[in-house]
Amino acid sequence: MAGQIGYNRLDWENRTTEIGYWLAAEFQGRGLMTAACRKLIDYAFDELKMNRVEIRCAAANARSRAVPERLGFQQDGILRQAEWLHDTFVDLVIYSMLAEEWQRLR
Ligand SMILES: CC(C)(COP(=O)(O)OP(=O)(O)OC[C@H]1O[C@@H](n2cnc3c(N)ncnc32)[C@H](O)[C@@H]1OP(=O)(O)O)[C@@H](O)C(=O)NCCC(=O)NCCS
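To start, this report covers the structure provided alongside it. This is a predicted model, so every value here is computed, not measured.

1. Description of helix α1 (residues 32–46)
- With 15 residues, α1 extends 21 Å between its outermost C-alpha atoms, agreeing within 8% with the 21 Å of an ideal straight helix rising 1.5 Å per residue.
- Within the span of α1, buried status applies to Met33, Cys37, Ile41, Ala44 and Phe45. The buried residues of α1 occupy an angular sector of 95° when projected down its axis, which confines them to one face. Turned more than 90 degrees from where α1 packs its buried face, Ala35, Lys39, Asp42 and Asp46 sit exposed.
- Tucked inside the fold, the buried residues of α1 contact β1 (3–11), β2 (16–23), β3 (52–58), α2 (62–70), β5 (88–98) and α3 (99–105).

In structure tokens, the structure reads:
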């Protein structure tokens with residue numbers, strides 16, 4: 001198993017979903033997660049009819065943040081100390097992509 005990706009949350013009322021992911025160390029650095037995200041984003045907009053896809057990353061997690069940035073997501077803001085990670089609270093950066101933006105990028 002190389003890693004995992006999925007929809008952490010499906011908010012049908014507001015047609016918003018959030019993608020979460022991780023990759024085992026030996027599978028990093030090949031573009032696999034960026035490609036996998038692209039598929040889930042396509043599916044979210046085309047099949048699930050979502051309007052907004054979010055990716056939330058720990059502020060200090062540069063590799064995780066690089067994924068939405070590579071895909072053209074916009075940074076919406078920072079949720080201060082929003083996640084308990086290991087032994088401390090960390091800030092989360094929220095990135096988003098809208099259906100109309102993804103349509104343009106494709
Ligand atoms: C976050 C995580 C999945 C990112 O992994 P990643 O390997 O950097 O991401 P990708 O699979 O998209 O690969 C991108 C890398 O492959 C390279 N790459 C090679 N071919 C590529 C291609 N065709 N397309 C895109 N990138 C490519 C990129 O340059 C980039 O490498 P770089 O960072 O050295 O520049 C991984 O670091 C991880 O699982 N970390 C631990 C868990 C975690 O932090 N999860 C997220 C919680 S919010």
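Now that the structure is up, let's keep going.
2. Observations regarding the pairing of strand β4 (residues 74–85)
- Counting buried positions over the 12 residues of β4 gives zero, only a small fraction of the element.
- Here β4 pairs with β5 via eight bridges, running antiparallel. Looking across to β5, one finds that Gln75 is bridged to Tyr95.
- Counting the residues in the hairpin turn of β4 and β5 gives two residues, including His86, whose phi is positive at 60°.

3. Considering the sheet that holds β5
- On the basis of which strands lie adjacent, the open sheet formed by five strands has the order β1-β2-β3-β5-β4 and mixed pairing. Each edge of the open sheet is held by one strand with a lone partner, namely β1 and β4. On average, each strand axis in the sheet is tilted by 30° relative to the strand beside it, whichever way the strands run.
- Here β3 pairs with β5 via seven bridges, running antiparallel. Considered in β5, the bridge of Arg56 is made with Ile94.
- Running at roughly 160° to β3, α2 makes contact with β3 and β5 of the sheet.

Cut-offs and rules
Residues numbered from 1 in each chain as written. Predicted model: local features only at pLDDT ≥ 70, side-chain atom pairs only at ≥ 80, totals over all residues. Helix = DSSP H or I, 4+ residues; strand = E, 2+ residues; numbered from the N terminus. Expected span 1.5 Å × (residues − 1). Buried ≥ 20, exposed ≤ 12 C-beta atoms within 10 Å, placed from the backbone. Arc of directions from axis to C-beta. Contact = placed C-beta atoms within 7 Å. Pairing = 2+ DSSP bridges. Axes fitted to C-alpha atoms, helices over the stretch in contact; angles between N-to-C directions.

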